[in-house]
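Fold and contact review
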Amino acid sequence: MLKVGVLGAGHLGKIHLRLLQQSIHYELVGFYDENADYADKIAAEYGYRRFETIAQLIDVVDVIDIVTPTLSHFACAKMAIESGKHVFIEKPIATTVEEAEAIIALAKRHNVKGQVGHVERFNPAFTAVKDQIENPMFIETHRLAEFNPRGTDVPVVLDLMIHDIDAILSVVRSKVAHVHASGVAVLSQSPDISNARIEFDNGCVANITASRISMKNMRKSRFFQKDAYISVDYLEKTCEVVKMKDAPEHPGDFDMILQNAEGERKQIYFNNPTVEPNNAILDELEAFADAIHHNTIPVVTLEDGTEALRVAYRIIEAMKK
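The following refers to the structure shown. (Residues numbered from 1 in each chain as written. Predicted model: local features only at pLDDT ≥ 70, side-chain atom pairs only at ≥ 80, totals over all residues. Heavy atoms only, no water.)

**Here we look at the pattern of salt bridges**
- Scanning the model with the defined rule gives 14 salt bridges in all.
- Among the salt bridges present, the one from arginine 121 reaches aspartate 166, with a minimum N-O distance of 2.7 Å. With arginine 121 in the loop between strand 5 (114-117) and helix 6 (124-129) and aspartate 166 in helix 7 (residues 156-171), the pair connects residues that are 45 residues apart, well separated along the chain.
- According to the relative accessible area criterion, arginine 121 is buried, its value standing at 9%.
- What makes aspartate 166 buried here is its relative accessible area of 2%.
- With its nearest N and O atoms 3.2 Å apart, the salt bridge here joins lysine 320 to glutamate 317. Taken together, the positions of lysine 320 and glutamate 317, both in helix 9 (residues 302-320) and 3 residues apart, correspond to about one turn of that helix.
- The exposure class assigned to glutamate 317 is partly exposed, which follows from its relative accessible area of 39%.
- Here the residues in one salt-bridge network are Glu120, Arg143, Asp164 and Arg219, joined through shared partners. (Salt bridge = Lys/Arg side-chain N within 4 Å of Asp/Glu carboxyl O. Helix = DSSP H or I, 4+ residues; strand = E, 2+ residues; numbered from the N terminus. Buried < 20%, exposed > 50% of the residue type's maximum accessible area, 1.4 Å probe, protein only.)

**Some remarks on the nonpolar core**
- Within the largest apolar cluster, 97 residues are counted, with the highest numbers of intra-cluster contacts made by Tyr26, Phe31, Ile93, Ile103, Ile165, Phe200 and Ile315.
- For this core, the element with the most residues is helix 7, which contributes 11 residues.
- Apart from the residues within four sequence positions on either side, tyrosine 26 is in contact with Met1, Leu2, Val4, Leu20, Val63, Leu285, Glu286, Phe288 and Ala289. (Core = buried A, V, L, I, M, F, W, Y, C linked by side-chain atoms within 4.5 Å. Contact = heavy atoms within 4.5 Å.)

**Concerning the pairing of strand 1 (residues 2-7)**
- Most of strand 1 sits out of view: 5 of its 6 residues are buried.
- Pairing of strand 1 with strand 2 (residues 26-32) involves 6 bridges; the strand directions are parallel. When the sheet's bridge partners are listed, leucine 7 is paired in strand 2 with tyrosine 32.
- Regarding topology, helix 1 (residues 11-22) serves as the crossover connection from strand 1 to the parallel strand 2, and that connection is right-handed.
- Two strands pair when backbone bridges link them, and strand 1 and strand 3 (residues 63-66) are joined in this way by 4 bridges, in the parallel orientation. Bridge pairing in strand 3 links glycine 5 to isoleucine 64. (Pairing = 2+ DSSP bridges. Right-handed = clockwise from strand over helix to strand, strands pointing away.)

**Notes on helix 8 (residues 280-294)**
- Here helix 8 contains 15 residues, and its C-alpha end-to-end distance of 21 Å stays within 8% of the 21 Å for a straight helix at 1.5 Å per residue.
- Counting buried residues along helix 8, 11 of its 15 residues qualify, which places the element largely inside the surrounding structure.
- The complete set of buried residues in helix 8 reads Ala280, Ile281, Leu282, Glu284, Leu285, Glu286, Ala287, Phe288, Ala289, Ala291 and Ile292.
- The inward-facing, buried residues of helix 8 contact strand 1, helix 1, strand 2, strand 3, strand 4 (86-90) and strand 5.
- N-capping of helix 8 is provided by asparagine 279, with a side-chain oxygen placed 3.2 Å from the backbone N of isoleucine 281.
- Immediately downstream of helix 8, the backbone of asparagine 295 shows phi near 55 degrees, a positive value. (Expected span 1.5 Å × (residues − 1). Polar contact = N/O pair within 3.5 Å; in protein donor to acceptor, adjacent residues only side chain to side chain.)

**Comments concerning the sheet that holds strand 12 (residues 238-246)**
- One open sheet accounts for 9 strands, arranged 7-8-9-6-10-11-12-14-13; its pairing is mixed. In the strand order of this sheet, the two ends are held by strand 7 (176-184) and strand 13 (256-259), each with one partner. Across this sheet, the average inter-strand angle for adjacent strands is 15 degrees, counted without regard to direction.
- In the sheet, strand 7 pairs with strand 8 (residues 193-200) via 8 bridges, with the strands oriented antiparallel. Residue pairing in the sheet places histidine 180 in a bridge with arginine 197 of strand 8.
- Together, strand 7 and strand 8 form the strand contacts of helix 9, whose direction differs from that of strand 7 by roughly 55 degrees. (Axes fitted to C-alpha atoms, helices over the stretch in contact; angles between N-to-C directions.)

Scope: geometric values only; no functional claims are made or implied.
Here's what the structure looks like:
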């Protein structure tokens, strides 16, 4: 088992602590939180061992799980990596692209592994259909959330939209050519709602909307490709796959047949995979443990997290224009 320590015991940090304690792949050693009074409370309430300093925790573990505010990700990662520890870093990987690139360089220099917590990659609705997403040419996503003061210190692009940016980059194997975006700050000092249009070199276009001032929650993506439409509902954990094939010469009474202007006839059929329930956060943490044990590439690499951050900042810059 890998000995693991958690940096940050806030809302998400507490979830990580609980799941790591349950995991058969990790031995939870303890945690550090900079708020001493709060840390004492967490330790007393849940029985986790509290460490006085980050350095003390790093010294006694194999893996550091960084669930601190984004501003401290780089400093925490640097300290852990330079001590030869593997790092799991919650999204976004760092405050700036330069910091993210420095983390990559450090991990290579010290021969340690890193994974970024883009949890939607482990959402069962997404994993159920990912292999069927082949060369999508138009993608539309909506990630809408009710207002929550937590996270409003950064633009909605870094808070929410980055989830969809990473998922899109994982299925579109092409470089980003152009980015157009707009955003509005309604309640916060930074944009609370944003729409971005990402154009890729291969012709694919992704239209992404994110809002943290909506009346209801929504997390949906739609992928359009040749002869197929695929939808993913990350919130409800459901998916739908609608495909087309050449219509049979003698279709059945209940076959759905469409004919285009050129006279080509296509049969519509549904090919919906089974969505297996899971805990996506536990799965991403245990996938990282597998990558360490078997010396394989993590599912969401430091490079993946950096590219998602790079595109996010391109969107932020486009909003300013």
